[in-house]
Amino acid sequence: MRREELDPHSDGLMADAGLVLPAGVAAGTEGERKSRFGDLSVGAWLAIGWMVFVILVAILAKTHIFTWGDPQAVHAECARKGPFAQDGSAPGRLFGCDSDGRDMVARLALGAWTSLLVSFGAIAFGFIVGGGLGLVAGYFSDKPSRPIAAVAGGVIGAAFGVVAFGVIGAVGLGLSDGLAAVIGGVGGLAAGGYFGYQRGDVDTLITNVFNVMLSVPAIVLALALVAFLQGSEAAGTKAILPDVLILILAIGIVAVPLVGRISRGSALTWSQRDFVLAARAQGAQHGRIMVREVLPNVAPAMFSISLLSIAIAIVAEGTLAILGVGVRPPAPSWGNIIALDRNALFTSPHIVFEASFLIFVTVLALNYLGDVVRARFDVRESGI
Amino acid sequence: MTTARFIETEYEGPLLEVTDLKTSFHTDVGVVRAVDGVSLTLERGKTLGIVGESGSGKTVLSRSIMNLLPRFGLEREGSVKFEGKEIIELPPRQMRNFWGAQMSMIFQDPMTSLNPVMKIGKQITESIRQHLDVTREFSSDLAVSLMESVRIPEPKVRLGEYPHQLSGGMRQRVCIAVALAAGPKLLFADEPTTALDVTVQAQVLDVIAKEQSERFMAMILVTHDLGVVAGRTEEILVMYAGRVVEQAPTSVLFTDMKMPYTEALLASIPKLDEHSHTRLATIPGRPPDLSHPPPGCKFAPRCRYVQDRCLEEEPPLQAGDASGHQYRCWFPVGTPAGQEALARNERDGRVPAAATAAAAAGGA
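Residues numbered from 1 in each chain as written. Chains lettered and ligands numbered in written order. Predicted model: local features only at pLDDT ≥ 70, side-chain atom pairs only at ≥ 80, totals over all residues. Heavy atoms only, no water.

1. Here's the deal with the overall build of chain A
Phase 1: Along the backbone of chain A there are 13 helices and zero strands.
Phase 2: Counting every position in chain A, which comprises 384 residues, the buried fraction comes to 46%.
Phase 3: Considering only intrachain contacts with a sequence separation of at least 6, the fraction spanning at least 24 residues in chain A is 71%.
Phase 4: On chain A, roughly 18,700 Å² of surface is accessible, and the fraction owed to carbon and sulfur atoms is 70%. (Helix = DSSP H or I, 4+ residues; strand = E, 2+ residues; numbered from the N terminus. Buried < 20%, exposed > 50% of the residue type's maximum accessible area, 1.4 Å probe, protein only. Contact = heavy atoms within 4.5 Å. Areas by Shrake-Rupley, 256 points an atom, 1.4 Å probe, with all protein chains shown as cover.)

Structure (structure tokens):
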């Protein structure tokens, strides 16, 4: 544990002997902090540049501050035309048109908004719920707490109850959606709360819920959630929530256990450090310690994983679109642009290719940034 | 909560009274009795040293008194009275009023007992603002004066820095400042110098001693090093396998020790007047497995004075000649019985069981 020997900024014995160091020595750390972002590689800057560009385009397209044309306007003369298309390129339209004759640039720009909204939203949801649960689980792993286990059990039980009994009640017993959800929710709350109180073991409770969720293949779980939330016209049920929100919830819920386990693991190691006990020995409350002492230490790891997860969520949005449960047309997203025109792959490859290329580059950029962030925070952690 | 500490109870008795404290952990391998019937009394402003090797239960004892142990499988029995008030049964919610404001703790490793992503100043003021109803300006002024009193140069600059920018000794002094921030009456120092360079150890101990006398604060100094407690404590409690094996005022302990374990601990400190290359004295073997302690005296398997009786019957804590001196031994050091036991062992060639085991392991 004598890492200070390796640390060139450690004042070591000099300071211990009571020597006052010249101001320049302390200022050296200031310069180091600035250089942390000054020595990023070219690749990192390209990745940052790309993400800024895509996000900017998405916001401009959505807010109509600067548009690339109407994504819904049909230009019949341009249909199926584009670079490398069988019918030839479309004059005046750089990326060509889709099979209905809608301008690809306009659709891709607005599609960026939808895809990014879904993926960022889903990961934000996954992080708030999964990260929060993981933090609580990790922190309380060596501290039995009946009230907290009861609350955690109740919340999780209610969520499971709504989904499970919602399906059974609505489909099997013919109850109305709302009633089934309320019964499931109250039942789950009571059962979860009771069992949580009995055991008082928050960690085991939450970890097992994660394990149950992870035991269902991610894509099947997402598909089931979307199908459940969207309802179907045949069964006479209608979605209450807008499309994008449904996708955010579905992908977000799938992300909860993945993120939660990482957050739990990180919180577990940090919670066993002496400074947590020291804070306790100073009279700090559990909640305060979790938020102010543990969370800031867990956050860097979470941030780097969030970048990687957003990349996965973008792909997941595309996958769900191809499976027919994505954002419903006419609103464009990168996923449903591919899904709608996948039949035209051989005659007008540019449609699928352009959307796939955007997904590819964006995922690459996010992965790269995630790695850069992780490497940077690892260095910082080892310096302590 | 903030007003509680200003209502001074006019309690005349000792600050801390621990009676027959037992602390055990229920684990998969059985019940581990980490602290087994420890009693101690501490007056205001006094210092008690707790000495013992790793695994003797000294850290668990101090955390058990503060009720800071992880609660899974934990069982505590006995009585802990702070200013005459029984606190062993208090739930953590009520113990929070004691933590920091009444009793506080300094930990062994300053590398891990400070939060790496929180500025020093914040870590000190957190505790002040938790317990005292004061303004932000007042608490930061208090933090500066605390930093000055633990002899950290340029306190204002240091308050804005992170722990990794400080050296080990400085960090431990910051830990002391954090522990003292809310003005506790009792300070637990759990091996406060073990992780530090020898040159820094004395400085840190001096800072603690200075603060202690200025604040008239009682202290329990936990260490494995008899040298650390020698000049700094009024009373010393030697622990082995979760029990008190000897307890005496400091001067009595060093001049008239009765327990062979204390003698062995003292003998294992290298002395300056010995020739260089003198073989260091060690205690053979290791402390017993606390989930399955041996019958009889717990130290018997490692003891030079060991007799058959030691292996069968556990000696009770008995009073020594000086007042306040207690020990747990059938054949005490420096008594005719002890001399005789040692002489008999030398004559018969009897060595402690742990020594033969260690020799066999070393030879194999």
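On we go from here.
2. Examining the overall build of chain B
Phase 1: Scanning chain B for helices and strands turns up 13 helices and twelve strands.
Phase 2: Relative to a compact globule of 364 residues, whose C-alpha radius of gyration would be 21 Å, chain B shows 22 Å and is just as compact.
Phase 3: Projected onto its principal axes, the C-alpha coordinates of chain B cover approximately 75 × 45 × 45 Å.
Phase 4: Counting over 364 residues, chain B shows a buried share of 55%.
Phase 5: Looking at chain B alone, contacts between residues at least 24 apart form 66% of all its contacts between residues at least 6 apart.
Phase 6: Taken as a whole, chain B presents about 15,800 Å² of accessible surface, with 53% of it coming from carbon and sulfur.
Phase 7: For chain B, the centre of its 39 positive side-chain charges and the centre of its 45 negative side-chain charges are spaced 4 Å apart. (Rg over C-alpha atoms; globule rule 2.2 N^0.38 Å. Lys, Arg positive; Asp, Glu negative; His and termini not counted. Charge placed at Lys NZ, Arg CZ, Asp CG, Glu CD.)

3. A word on the pattern of salt bridges
Phase 1: In total, this model carries 21 salt bridges over all chains according to the counting rule given.
Phase 2: The closest approach of N and O atoms between A:Arg292 and B:Glu126, which form a salt bridge, is 3.3 Å. You can see A:Arg292 sitting in helix α11 (residues 286-322) and its partner B:Glu126 sitting in helix α3 (residues 120-131), one on each of two chains.
Phase 3: Taking the relative accessible area as the measure of exposure, A:Arg292 reaches 28% and is therefore partly exposed.
Phase 4: Across the salt bridge formed by B:Arg232 and B:Asp206, the nearest N and O atoms sit 3.1 Å from each other. Placement of the pair is B:Arg232 in the loop between α8 (226-230) and β9 (235-240) and B:Asp206 in helix α7 (residues 198-215), with a sequence separation of 26 residues. (Salt bridge = Lys/Arg side-chain N within 4 Å of Asp/Glu carboxyl O.)

4. Topic: helix α6 (residues 168-180) of chain B
Phase 1: The end-to-end C-alpha distance of α6(B) is 18 Å, a good match for the 18 Å that 13 residues give at a rise of 1.5 Å each.
Phase 2: The element α6(B) is extensively covered by neighbouring structure, given that 13 of its 13 residues are classed as buried. (Expected span 1.5 Å × (residues − 1).)

5. Overview of the sheet that holds strand β12 (residues 326-327) of chain B
Strand-to-strand pairing in sheets goes through backbone hydrogen bonds, with the strands running parallel or antiparallel.
All names here are of chain B.
Phase 1: Pairing is mixed in the open sheet, where eight strands are placed in the order β6-β7-β8-β3-β9-β10-β12-β11. The sheet terminates laterally at β6 (103-106) and β11 (318-319), the two strands that pair on one side only.
Phase 2: The pairing of strand β7 (residues 186-190) with strand β8 (residues 218-223) spans five bridges and is parallel. Bridge pairing links Leu187 to Met219 in β8.
Phase 3: Lying on the sheet, helix α1 (residues 58-66) is in contact with β3 (47-51), β6, β7, β8 and β9; it crosses β7 at an angle near 155 degrees. (Pairing = 2+ DSSP bridges. Axes fitted to C-alpha atoms, helices over the stretch in contact; angles between N-to-C directions.)

6. Digging into the packing of aromatic side chains
Phase 1: Going through the model one piece at a time under the given rule, you end up with nine aromatic pairs over all chains.
Phase 2: For the pair A:Phe357 and A:Phe360, a centre-to-centre distance of 6.4 Å together with 40 degrees between the ring planes defines the contact as tilted. Pair noted here: A:Phe357 and A:Phe360 are both in helix α13 (residues 349-382), with a separation of three residues, about one helical turn.
Phase 3: Pairing B:Tyr240 with B:Phe299 gives two aromatic rings, centres 5.2 Å apart and planes at 80 degrees, and the pair type is edge-to-face. In this pair, B:Tyr240 sits in strand β9 while B:Phe299 sits in the loop between α10 (260-267) and α11 (308-312), placing the two residues 59 residues apart along the sequence.
Phase 4: Its relative accessible area of 3% is what places B:Phe299 among the buried residues. (Phe/Tyr/Trp six-rings, centres within 6.5 Å; stacked < 30°, edge-to-face > 60°.)

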